[in-house]
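In case you want the letters, here they are:
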Amino acid sequence: MKKVFLLAFVLFAWSMVVNAQESDGKYIEVTGSSEIEVVPDEIHFLIQIKEYWQEEYTGKSNKEEDFRTKVPLAMIEKDLRRSLRKIGIADDAIRTQEIGDYWRQRGKEFLIGKQLDIRLTDFEQINSIIRSVNTWGIESMRIGELKHKDLLMYRKQGKIEALKAAREKASYLVEAMGQELGEVIRIVEPVDNNISRYLPFQAQSNVSMGTAATEQYRVIKLRYEMTARFAIK
């Protein structure tokens, strides 16, 4: 009795393998993609400040060997924070990201720099910053990370839409050959699935940045791909 049961189990298992192989032998595998644009509700604006020689900006001398009056970092930061407060950006929205020495002219002191990470909620605030701050001592300004509180929901939505696109593609390709699409056999999520496309812009301290400079960076662009294998009936 045990031998009969064992034989029946082996035959059943063999039958499943054969059916699976036959199913895998008649399939279509496609990749679908989706793109979503999300308007961020949290924008990180990075301002790099650095000590400078007063003579460099006052026009008293354009020779580096004549630069003697160093404007300290604390004064530059104090002036910047004062300007930010005037346009409604509180001190608790500003975080020091890094600090360090930059370069030293022979026989002179090091020039020290710092990067400030300013948390904003609106791109118009960037334009206000650009118009308001004194650029003396500002090495660069650029957009850093863009965030949204519902980003996980958008990621889920993007993957679902990519999977739907894969099924639609498989369906019309199979129908073009006079066949009918069957059930899904396998779904593969590529490793590099969450592609967020936004690039920071940067301008030097004495370069004027206008509203147009930020226009192309106002959204978080998410692109997703999903690969699916479907049986062909």
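For the structure itself, consult the block above.
Note that this is a predicted model, so its numbers are computed, not measured.

**Here we look at the nonpolar core**
At step 1: Counting residues in each nonpolar core, the largest one holds 33 residues, and the members touching the most others are Phe45, Ile47 and Ile129.
At step 2: For this core, the secondary-structure elements that each account for two or more residues are strand 1 (27-38), strand 2 (42-50), helix 3 (73-86), strand 6 (110-120), helix 4 (123-132), strand 7 (138-147), helix 5 (151-176) and strand 11 (220-232).
At step 3: A domain-level breakdown of this core finds at least three residues from each of domain 1 (24-40 + 147-198 + 216-232) and domain 2 (42-144).
At step 4: Excluding residues that lie within four positions of it along the chain, Ile47 makes contacts with Leu80, Lys114, Gln115, Leu116, Ile118, Ile129, Ile138, Ser140 and Met141.
At step 5: With nine residues, the next largest nonpolar core counts Val30, Ala170, Leu181 and Phe230 among its residues.

**Some words on the packing of aromatic side chains**
At step 1: For the structure shown, the criterion picks out one aromatic pair.
At step 2: Taking the centre distance of 6.4 Å and the plane angle of 80 degrees together, the rings of Tyr52 and Trp136 count as edge-to-face. Here Tyr52, found in strand 3 (residues 52-53), pairs with Trp136, found in the loop between helix 4 and strand 7; they are 84 residues apart in sequence, far enough to count as distant.
At step 3: For Trp136, a relative accessible area of 34% puts it in the partly exposed group.
At step 4: Above the face of the Tyr27 ring, Arg229 is positioned so that its terminal group lies 4.0 Å from the ring centre.

**What about the pattern of salt bridges?**
At step 1: Using the criterion set out here, one finds 19 salt bridges in the structure.
At step 2: Notably, a salt bridge pairs Glu77 with Arg81, separated by 2.9 Å at the nearest N-O pair. Of this pair, Glu77 and Arg81 both sit in helix 3, four residues apart, roughly one helical turn.
At step 3: One salt bridge in this structure joins Glu124 and Arg131, with 3.3 Å as the shortest N-O distance.
At step 4: Residue class for Glu124 comes out partly exposed when judged on its relative accessible area of 38%.

The rules behind the values
Starting from 1, residues in each chain are numbered consecutively following that chain's sequence as written. Where totals are concerned, whole chains, interfaces and linings use all residues; where local detail is concerned, this predicted model gives features only for residues with pLDDT of at least 70, and gives and counts side-chain atom pairs only at 80 or more. Heavy atoms from the whole structure form the basis of all side-chain values; hydrogens and water molecules are not counted. By nonpolar core is meant a set of buried Ala, Val, Leu, Ile, Met, Phe, Trp, Tyr and Cys residues that side-chain atoms within 4.5 Å join together. Accessibility here uses a 1.4 Å probe with only protein chains present; expressed as a share of the type maximum, an area under 20% marks a residue as buried, one over 50% as exposed, and anything in between as partly exposed. Only runs of H or I of at least four residues qualify as helices and only runs of E of at least two qualify as strands under DSSP, and these elements are numbered from the N terminus. In this document the domain limits rely on a domain assignment from an automatic tool or a database. For this analysis, residues touch if any pair of their heavy atoms sits within 4.5 Å. Aromatic pairing here means that ring centres of Phe, Tyr or Trp (its six-membered ring) are within 6.5 Å. Orientation follows from the plane angle: under 30 degrees is stacked, over 60 is edge-to-face, and everything else is tilted. Geometrically, a lysine NZ or arginine CZ counts as sitting over a ring once it is within 6 Å of the ring centre and also within 35 degrees of the ring normal. Any Lys or Arg side-chain nitrogen located within 4 Å of an Asp or Glu carboxyl oxygen qualifies as a salt bridge.

These results come straight from atomic positions and should not be treated as a statement about function.
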